Amino acid sequence: MKHILLITTGGTIASAESENGLVPALASEQLLSHVPEVEKICRVSTVQLYNLDSTNMRPEYWLEISRYIRQVYNDYDGFVITHGTDTMAYAAAMLHYLIQNSRKPIVLTGAQIPIEKRDTDARENLTDAFMYAADDGACGVHIVFGDKILAATRARKTRTKSFNAFSSIDYPEIGFIRGSVKYYIRERVEGEPIFTDEIDSSVIVIKLIPGMSADIFDFIADRYHAVIIESFGVGGLPYYDNDEFVEKIETLIKKGVRIVITTQVPHEGSDMGVYQVGLRIKQKYELPEAYDMTTETVVAKVMWALPKSKTASEFSRLFYTPVGNDMI
């Protein structure tokens, strides 16, 4: 039998009713007690690192999860992490960069309804996560949720209440689990795992809206090390009869702030070369763009790349270097 470590962090799956609404309350052993059938799938040990609503999770916590996995990596055959759904896509993407080349599966799951509720999806999701983690061919970082196995860099929460809360954005689902039947694409991992011990979370995402003033970038210049601009359509910056946006971008660049352009449209990605509003700014400053990457993955990759790059060109090189299936 495979030996899997269950790492719990809180979230809806571990929540209970209180006078102030749902709050994480259950310990890891309590969660495990609700899925006794897992004993037939694998041997399980548990540890509780946090007990937080995922709204309160931060990049530094995901770094600590990665460090803990590194510490015990040789003691287990795989890892299941329970996590709140609201920031699970960010967590999965971050762990994808912090723990690369893992031959052992690192599986995130959670629930839309607490595990103690009768009509919960938690028991099925947790059981499925163990089924995948205990499979001989499983490897790398994935989300298992709503019968689906999703690549860490392609998952996004697209529904706030439904059990099929997560979708794979512009990339095939890795597989599915339905009862005792599971099917998934076998992924290849070569070499030893690569752990990263440093990130820079001084990153902000700005979503453009029509008529927005470029003055917002004055606030960013002295407070953040990178800005991800969610532009319209295939990407670009407004020209409201002046070059104010271009001038602000130039100021950010001179101050060493890294800039990445992405799109606020969920599917098909950016392509700044299509329209003048995008091509002009891209050619002038050689700004990296996210293409088909999700915003969650862009945020994680920028935080991972910042400490590894001293110059803008080094940052762009790292950002454009595919890590697994983050860029296609």
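As a reminder, the structure under discussion sits directly above these lines.
The rules we used
Residues numbered from 1 in each chain as written. Predicted model: local features only at pLDDT ≥ 70, side-chain atom pairs only at ≥ 80, totals over all residues. Heavy atoms only, no water. Core = buried A, V, L, I, M, F, W, Y, C linked by side-chain atoms within 4.5 Å. Buried < 20%, exposed > 50% of the residue type's maximum accessible area, 1.4 Å probe, protein only. Helix = DSSP H or I, 4+ residues; strand = E, 2+ residues; numbered from the N terminus. Contact = heavy atoms within 4.5 Å. Axes fitted to C-alpha atoms, helices over the stretch in contact; angles between N-to-C directions. Parallel < 35°, antiparallel > 145°, perpendicular 65-115°, else oblique. Left-handed = near helix turned anticlockwise from the far one by under 90°. Nonpolar A, V, L, I, M, F, W, Y, C, P; charged D, E, K, R; others polar. Pairing = 2+ DSSP bridges. Phe/Tyr/Trp six-rings, centres within 6.5 Å; stacked < 30°, edge-to-face > 60°. Lys NZ or Arg CZ within 6 Å of the ring centre and 35° of its normal.

K.L.:
Got a minute to help me understand the nonpolar core in this structure?
P.N.:
Looking at soluble globular proteins, one finds that nonpolar side chains tend to be buried together. Counting residues in hydrophobic clusters, the biggest one holds 56 residues, and the most contacted among them are Ile-69, Phe-79, Leu-108, Ile-143 and Val-302. With 9 residues, the top contributor of residues to this core is helix α3 (residues 88–98). Non-local contacts of Ile-69, meaning those with residues more than four positions away in its chain, are made with Ile-7, Phe-79, Ile-81, Ile-99, Ile-106 and Phe-195.

K.L.:
What exactly am I supposed to notice about the packing of helix α6 (residues 244–254) against helix α7 (residues 276–285) here?
P.N.:
Between two packed helices, what matters for the description is the angle formed by their axes and the separation of those axes. It is the contact of α6 with α7, at a shortest axis distance of 12 Å, that shows an interaxial angle of 25 degrees. One element, α6, and the other, α7, form an angle in the roughly parallel class. Here the hand of the crossing between α6 and α7 comes out right-handed. Contacts between α6 and α7 involve Val-246, Ile-249, Glu-250 and Ile-253 from the first element and Ile-281, Lys-284 and Tyr-285 from the second. For the contact of α6 with α7, the class distribution of residues is 5 nonpolar, no polar and 2 charged.

K.L.:
Teacher, can you tell me more about the pairing of strand β12 (residues 175–178) here?
P.N.:
As a general feature of sheets, a regular strand has side chains that alternate between the two faces. Where burial is concerned, the two faces of β12 differ: the one with Gly-175 and Ile-177 is buried and the one with Phe-176 and Arg-178 is not. As judged from the 2 bridges shared by strand β9 (residues 148–151) and β12, these two strands associate in the antiparallel manner. Its bridge partner being in β12, Ile-149 is matched across the sheet by Gly-175. As paired strands, β12 and strand β13 (residues 181–184) are joined by 4 bridges and run antiparallel to one another. Note on β13: the bridge partner recorded for Ile-177 is Lys-182. In textbook terms, the turn of a hairpin is the stretch between consecutive antiparallel strands, and for β12 and β13 this stretch comprises 2 residues, one of which, Gly-179, has a positive phi near 65 degrees.

K.L.:
Looking at this structure, how should I read the packing of aromatic side chains?
P.N.:
Aromatic rings considered in pairs are described by the distance between their centres and by the relative angle of their planes. Using the criterion set out here, one finds 13 aromatic pairs in the structure. Judged by centre distance (6.2 Å) and plane angle (70 degrees), the ring pair of Tyr-240 and Phe-245 falls under edge-to-face. Three or more aromatic residues link up through ring pairs in this structure, and these residues are Tyr-73, Tyr-76, Phe-79 and Phe-195. The ring centre of Tyr-73 lies 4.6 Å from the NZ or CZ of Lys-104, which sits over that ring. Over the ring of Phe-176 we find Arg-178; its NZ or CZ atom is 4.3 Å from the centre of that ring.

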